[in-house]
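# Structural overview for review
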Amino acid sequence: MNGSTTVCAEALTRKFGDFVAVDAVSFEIHSGEIWGFLGPNGSGKSTTMRMLCGVLEPTSGRAQVLGYDVARDPEAVKLRIGYMSQGSSLWNDLTVEEHLNFYAGLFGLYGAPARAAVEEWIARIGLGERRTQVAGSLPGGFRKRLALACALLHRPQMLFLDEPTAGVDPVSRREFWDLIVSLADEGVTVMVTTHYLDEAEHCHQLAFIYGGRIIARGTPEALKHAPGSGITVEIVSKKNALLLDALEDLGYVRGASLYGSALHVTVKDDADRQELERFLAGHGVEPTDCATITPSLEDIFSDLVKTAGAPEGVAT
Ligand SMILES: Nc1ncnc2c1ncn2[C@@H]1O[C@H](COP(=O)(O)OP(=O)(O)OP(=O)(O)O)[C@@H](O)[C@H]1O
Ligand SMILES: [Mg+2]
């Protein structure tokens, strides 16, 4: 762990009974980085994050956050980080202001510094008009804003956000990400999980977890151009839905999905691309309707899931 490393996980593992939810993951997150953690439902994202936040004990392996060992010193970790958990951590009967005052006290802020922090985050996160409303009657997006404000009150240098934008409308999602990016610019390190792959484009680094194991990592650009990531062909045709059914049955097609009005098909190499072109010509698709494109993260990750197959080794 060097000076700029904020999070360091080494073979971090968590079992629930015989089930291995997180299987020896190792990674580092550097200061000021937005580190995106992606993976299908149940792949181990929240479990990993909970271990790093000191709220769930690892079964084996180790991790340090801001220089503190998460297993030996979980309280020191909890005091110094901001954590927005996936489930709601709000009390329905408390107002926005009451939540923020409570969290200020929890982190040892009282009097004028507490009032200043509460006002700062109410303004910065856009909660001003809702300050006297109880959390139970807030729309979903505002509940998320409040949870984020609670996590930020004590100005943590490390922020863990577990699906902060799930169920949030597109405009509010953009505002969330503007804030996350500006926090990172201010030096805050952010680990964030999301199922929205457009959001993953904002991350400096990405890791993809599947069946408890990290199976790909890198910058969004590096992942799109990684050797072995195959060739993605975009097809624009009026018969996309019919073609999709037929393409999914072809052995050499690694992934096929509708993408707006286009169809994205991933194949292994040039020989398979030529095979694909012959197949498409036989189905009345003109060569001018096909183009090789840089794959989207969605293409990359659906391809990864398909090539990884069923998660293996999760039960011991
Ligand atoms: N307390 C627990 N007891 C038993 N199994 C658990 C427990 N917590 C999580 N699991 C299991 O561990 C696996 C990983 O769960 P986790 O919540 O980390 O997934 P996730 O990647 O965050 O999924 P999602 O995208 O749905 O939030 C799942 O199979 C889950 O059912
Ligand atoms: Mg989760």
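Each remark here, short or long, concerns the structure printed above.
Before going into details, it helps to say that this report is about the structure given with it. (Residues numbered from 1 in each chain as written. Chains lettered and ligands numbered in written order. Predicted model: local features only at pLDDT ≥ 70, side-chain atom pairs only at ≥ 80, totals over all residues. Heavy atoms only, no water.)

Bringing the site of ligand 1 into the picture now. Taken together, 14 residues form the shell around ligand 1, and within it Gly42, Lys45, Ser46, Thr47 and Gln86 come nearest. Between ligand 1 and the protein, one listed contact pairs an oxygen atom with a side-chain N or O atom of serine 46 at 2.8 Å. Interatomic distance of 2.6 Å between a side-chain N/O atom of threonine 47 and an oxygen atom of ligand 1. Protein chains shield 63% of the accessible area of ligand 1, which is 640 Å² for the free molecule. Counting residues per element, the shell around ligand 1 draws most heavily on helix H1 (residues 45-52), which supplies three residues. (Near = heavy atom within 4 Å. Polar contact = N/O pair within 3.5 Å; in protein donor to acceptor, adjacent residues only side chain to side chain. Areas by Shrake-Rupley, 256 points an atom, 1.4 Å probe, with all protein chains shown as cover. Helix = DSSP H or I, 4+ residues; strand = E, 2+ residues; numbered from the N terminus.)

So, about the coordination of the magnesium ion (ligand 2). Protein-derived ligands of the magnesium ion (ligand 2) are Ser46 (OG) and Gln86 (OE1), with the metal-ligand distances lying across 2.0 to 2.1 Å. Here serine 46 is found in helix H1, whereas its partner glutamine 86 is found in the loop between strand E6 (81-84) and helix H3 (96-106), with 40 residues between them in sequence. By relative accessible area, which is 40% here, glutamine 86 ends up partly exposed. (Donors = N, O, S within 2.8 Å, 3.2 Å for Na, K, Ca; no water. Buried < 20%, exposed > 50% of the residue type's maximum accessible area, 1.4 Å probe, protein only.)

The subject of this paragraph is the pairing of strand E4 (residues 60-65). Residues in a regular strand point their side chains to alternate faces of the sheet. Here strand E1 (residues 5-16) runs beside E4; their pairing, made up of five bridges, is antiparallel. Residue pairing across strands places glutamate 10 opposite arginine 62, the latter belonging to E4. Note: E4 against strand E5 (residues 68-69), two bridges, orientation antiparallel. Bridged to glutamine 64 within E5 is aspartate 69. Where E4 folds back on E5, the antiparallel hairpin that results is connected by two residues, among which leucine 66 adopts a positive phi of roughly 50°. (Pairing = 2+ DSSP bridges.)

Another point: the packing of H3 against helix H4 (residues 111-124). Between H3 and H4, the least distance of the axes is 10 Å, while the angle of their chain directions is 135°. In terms of orientation, H3 and H4 fall into the oblique class. For the crossing formed where H3 meets H4, the hand is right-handed. Seen from H3, the contacting residues are Glu97, Leu100, Asn101 and Ala104; seen from H4, they are Ala114, Val118, Glu119 and Ile122. Across the contact of H3 with H4, the residue classes break down as five nonpolar, one polar and two charged. (Axes fitted to C-alpha atoms, helices over the stretch in contact; angles between N-to-C directions. Parallel < 35°, antiparallel > 145°, perpendicular 65-115°, else oblique. Left-handed = near helix turned anticlockwise from the far one by under 90°. Contact = heavy atoms within 4.5 Å. Nonpolar A, V, L, I, M, F, W, Y, C, P; charged D, E, K, R; others polar.)

Right, let's get into the environment of alanine 207. Looking at the element boundaries, alanine 207 is found in strand E9 (residues 205-210). Sequence separation of alanine 207 and leucine 280 is 73 residues, and the distance between their C-alpha atoms is 34 Å. Apart from residues lying up to four places away in sequence, alanine 207 is in contact with Trp35, Gly36, Phe37, Leu38, Ile214, Ala216 and Arg217.

A general feature of soluble globular proteins is that nonpolar side chains tend to end up buried together. In terms of nonpolar packing, the biggest core is built from 49 residues, with Leu100, Leu146 and Phe301 touching the most fellow members. Broken down by element, this core gets its largest block of residues, eight residues, from helix H5 (residues 140-152). Ile29, Phe37, Cys53 and Ala63 belong to the second-largest nonpolar core, a separate cluster that totals 25 residues. (Core = buried A, V, L, I, M, F, W, Y, C linked by side-chain atoms within 4.5 Å.)

As far as function goes, none of this settles anything; it's purely spatial.
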